[in-house]
Amino acid sequence: MPRGSAAPLILVAYRSIKIFQAKMPMSGLSYQIELRDEAATRQIAGQLAQGCRDGGVLYLHGDLGAGKTTFSRYLLQSLGHQGNVKSPTYTLVESYQLAELQVFHFDLYRLHDPEELEFMGIRDYFAAQHLCLVEWPERGQPLLPVPDLDLQLKITSAQARQLHIHALTARGAAMLELIV
Amino acid sequence: MRVLGIETSCDETGIAIFDTEKGLMSHIVYSQIPIHADYGGVVPELASRDHIRKTLPLVKQALAEAGCGASSIDGVAYTAGPGLAGALLVGAAIGRSLAFAWGKPALAVHHMEGHLLAPMLEANAPQFPFLALLVSGGHTQLVRVDGIGRYQLLGESIDDAAGEAFDKTAKLMGLDYPGGPLLAKLATLGDAKKYPFPRPMTDRPGLDFSFSGLKTAAANVIAAEGKTPQVQADIAASFQQAVVDTLVLKCRRALKETGLKRLVVAGGVSANQSLRLQLADLMQSMKGEVFYPGKEFCTDNGAMIAYAGWQRLRAGQAQDLSIGVTPRWPMQQLPPV
């Protein structure tokens, strides 16, 4: 190509494109459970894990100390992970390669702008066969995919938590059937 | 030998130049720069992990501040892990490519090795072997260091890092995130014996840490007593005492188990005054010595990467031409020098 006639560099503004195809939203299928203590959290996480073996997207809402990472830890352990489940707050995402499942555990608390998800290569994480647990998903909107399950943890006492689970896809509804 | 160091593993973009004869010739961390005009307009702090727009202008600035040209650089060191894959790739791609363009060797540096060796940038540098406590917002680890690349992980946090516990407890108290340093300041006004916060995992053998329960304990106190200034100060003091006691107890245990007499403490939390006072007492009682990096090298920076890279490059180690990162990278896998 002769000098001076180089093709202009094309920059694609990803930000304006909706990345993920919206899954069909379902009419609300939800479930509420009182978790008396950490053992109850472990039990419910273990039951839900059975529905996560083929992947999926779980949102985890709740204040600091509500138990989002604790819930994730028990879910990962039920799926066969041995070893620690560290808080992903600093790294934003921790990955776990299990025998037959790739799990990504996100914490978007430190995200200042959803655009930062592009700098971390967010598109590579959300494949249908991956299991993605997302803490503080509200900080990543509107760039995150619709979750199969939306979980909200509320502190009700020093030990007890209230868990509200909402299924937003057919896959999520199937997961929810395991505990209802 | 003169080495350019590039750090982009998480939030900070850090660039530095280290020279065998002259020592540290320049070092810049992007967040220290008040005027962002050289960076294609203002790069807002909103996109704090936008290393792409920051790295090359910072490299140019580091060269200018060192008063040297690119042709005088003998090697390029960049953080290749552990960290956020997307962030690491920026530094690795730029660092590896610059070295290729300049016809010089490149080296992939382990971020935590950078922290471990940072005290060696100081006049009073520790001799090997030593015990290292790496304690920051992202890490809490005890490492036995017998030489460069000869590391043994003795213990680490199984959940939250110590600095993370500081930041999150500060947030629960109503301080801005990350409020760890502010919490430490508040602690000087409070009663450290007011609330009996747990000292997790100190009642059993081992050198691992667990700090996630502390924020829940703090949340329970706040729920019961509110957020009056005195309650805040007392929580801050009691919380800080619990973290410091735990760190000091594990250091004592690790020093006893290994027989080591030198302790290196690095990472953002190593700036904590209460921790430094108690560690000074500990080392005095054990007839040992404690070493810290300079204040600006406690947090993420390019100088420690340039230095760690320099140590390995001058020993003849170098990367191949591929651009690779290792987001999960156990320190024990590093080759010795």
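This is a predicted model, so every value here is computed, not measured.

Student: Teacher, can you tell me more about the overall build of chain A here?
Tutor: The secondary structure content of chain A amounts to four helices and seven strands. N-terminal to C-terminal, the α/β element order of chain A is β-α-β-α-β-β-α-β-β-β-α. Looking at the 180 residues of chain A, the share that counts as buried comes to 53%. Considering only residue pairs separated by 6 or more positions, chain A has 67% of its internal contacts joining residues 24 or more positions apart.

Student: Looking at this structure, I do not really get helix α7 (residues 229-258) of chain B. What am I missing?
Tutor: Since the α-helix packs 3.6 residues into each turn, any two residues three or four apart lie on the same face. Between its first and last C-alpha atoms α7 of chain B spans 43 Å; for 30 residues at 1.5 Å apiece the expected length is 44 Å, and the two agree. The positive-phi residue at the C-terminal boundary of α7 of chain B is Gly259 of chain B, with phi of around 75°.

Student: Help me understand the packing of helix α1 (residues 51-66) of chain B against helix α2 (residues 85-102) of chain B, please; the structure alone is not making it clear to me.
Tutor: A pair of packed helices can be characterised by two numbers: the angle between their axes and the separation between those axes. Residues and elements named next belong to chain B. Remark: α1 packs on α2, axes separated minimally by 10 Å, with the N-to-C direction vectors making an angle of 35°. Between α1 and α2 the crossing geometry is right-handed. Mapping the contact onto sequence places His51, Ile52, Thr55, Leu56 and Val59 in α1 and Ala87, Val90, Ile94 and Leu98 in α2. Residues belonging to the contact of α1 with α2 are distributed by class as follows: seven nonpolar, two polar and no charged.

Student: Just checking my understanding: could you explain the nonpolar core for this structure?
Tutor: Generally speaking, nonpolar side chains in soluble globular proteins are found buried as a group. Among the nonpolar cores identified, the biggest contains 71 residues, and Phe106 and Phe126 of chain A together with Phe197, Ile235 and Leu279 of chain B are the most heavily contacted of them. Looking at this core, the element that brings in the most residues is α7 of chain B, giving 14 residues. By size, the runner-up hydrophobic cluster in this structure holds 57 residues, among which are Ile17, Val76, Ala80 and Ile305 of chain B.

Student: Can you walk me through the interface of chain A and chain B in this structure?
Tutor: By a frequent convention, interface size equals the accessible area lost on bringing the separate parts together. At the interface, 27 residues of chain A touch 32 residues of chain B. Across the chain A to chain B interface the summed buried area is about 2500 Å²; carbon plus sulfur atoms make up 53%. On the chain A side of the interface with chain B, the three residues burying the most area are Leu64, Tyr90 and Phe119 of chain A, jointly 29% of the side's total. Applying the counting criterion to the chain A and chain B interface returns three salt bridges. A salt bridge links Lys86 of chain A to Glu156 of chain B; the nearest nitrogen and oxygen atoms lie 2.7 Å apart. The tally of links from chain A across to chain B stands at nine residue pairs in polar contact (both at pLDDT 80 or more).

Student: Just to check I follow, could you spell out the layout of surface pockets for this structure?
Tutor: Using a probe with the size of a water molecule, rolled over the atoms, empty space left in the structure can be pinpointed. The calculated volume of the largest pocket comes to roughly 1400 Å³. What lines the largest pocket is a set of 49 residues, and nearest its centre among them are Asp167, Pro178, Pro181, Gly268 and Thr299 of chain B. At the level of elements, α4 (162-172), α5 (180-187) and α8 (273-285) of chain B are the ones that each hand at least two residues to the lining of the largest pocket. Of the residues forming the lining of the largest pocket, the biggest block, five residues, is contributed by α5 of chain B. Looking at side-chain class alone, the lining of the largest pocket contains 15 nonpolar, 21 polar and 13 charged residues. In this structure, the second largest pocket spans a volume of roughly 1000 Å³. As for the second largest pocket, its lining consists of 46 residues, and the residues nearest its centre are Glu94 of chain A together with Pro82, Pro327, Arg328 and Trp329 of chain B.

Student: Got a minute to help me understand the packing of aromatic side chains in this structure?
Tutor: Two aromatic rings are characterised by how far apart their centres lie and by the angle between their planes. All names here are of chain B. On inspection of all chains with the given rule, the structure shows 11 aromatic pairs over all chains. Aromatic side chains Phe18 and Tyr307 sit 5.2 Å apart centroid to centroid with 90° between the ring planes, which places their arrangement in the edge-to-face category. One end of the pair, Phe18, is in strand β2 (residues 14-19); the other, Tyr307, is in helix α9 (residues 303-313), and 289 residues separate them in sequence. Ring geometry for Phe197 against Phe239: centres 6.5 Å apart, planes inclined by 90°, an arrangement best described as edge-to-face.

Student: In this structure, what is going on with the sheet that holds strand β5 (residues 131-135) of chain A? I would like to understand it.
Tutor: The strands making up a sheet associate through hydrogen bonds between their backbones, and the pairing can be parallel or antiparallel. Residues and elements named next belong to chain A. The mixed open sheet is built from seven strands, whose spatial order is β1-β7-β6-β2-β5-β4-β3. Each edge of the open sheet carries a strand with a single partner, namely β1 (29-35) and β3 (93-97). The sheet shows a mean angle of 15° between the axes of neighbouring strands, direction not considered. As judged from the five bridges shared by strand β2 (residues 56-61) and β5, these two strands associate in the parallel manner. The residue of β5 that forms the bridge with Leu58 is Leu133. Across the sheet, helix α1 (residues 38-49) touches β1, β6 (149-155) and β7 (161-167), and the angle it forms with β1 is around 150°. Sheet contacts for helix α2 (residues 68-78): β2, β3, β4 (102-107), β5, β6 and β7; angle to β5, the most-contacted strand, approximately 165°.

Student: What's the story with the pattern of salt bridges in this structure? I'm lost.
Tutor: Two side chains of opposite charge can pair, provided their charged atoms sit close to one another. Residue and element names in this part refer to chain B. As enumerated under the stated definition, the model contains 13 salt bridges over all chains in all. The partner of Lys194 in a salt bridge is Asp234, and the shortest N-O contact between them spans 3.7 Å. Of this pair, Lys194 sits in the loop between α5 and α6 (212-225) while Asp234 sits in helix α7, and the two are 40 residues apart along the sequence. Classification of Lys194 as partly exposed rests on a relative accessible area of 42%.

Basis of the calculations
- Residues numbered from 1 in each chain as written.
- Chains lettered and ligands numbered in written order.
- Predicted model: local features only at pLDDT ≥ 70, side-chain atom pairs only at ≥ 80, totals over all residues.
- Heavy atoms only, no water.
- Helix = DSSP H or I, 4+ residues; strand = E, 2+ residues; numbered from the N terminus.
- Buried < 20%, exposed > 50% of the residue type's maximum accessible area, 1.4 Å probe, protein only.
- Contact = heavy atoms within 4.5 Å.
- Expected span 1.5 Å × (residues − 1).
- Axes fitted to C-alpha atoms, helices over the stretch in contact; angles between N-to-C directions.
- Left-handed = near helix turned anticlockwise from the far one by under 90°.
- Nonpolar A, V, L, I, M, F, W, Y, C, P; charged D, E, K, R; others polar.
- Core = buried A, V, L, I, M, F, W, Y, C linked by side-chain atoms within 4.5 Å.
- Buried area = accessible area lost by both parts, 1.4 Å probe.
- Salt bridge = Lys/Arg side-chain N within 4 Å of Asp/Glu carboxyl O.
- Polar contact = N/O pair within 3.5 Å; in protein donor to acceptor, adjacent residues only side chain to side chain.
- 1 Å grid on protein atoms, 1.4 Å probe; cavity = no way out; pocket = protein on both sides within 12 Å on 5 of 7 lines; lining within 4 Å.
- Points joined across faces, edges and corners; volume = space filled by probe spheres on them.
- Phe/Tyr/Trp six-rings, centres within 6.5 Å; stacked < 30°, edge-to-face > 60°.
- Pairing = 2+ DSSP bridges.

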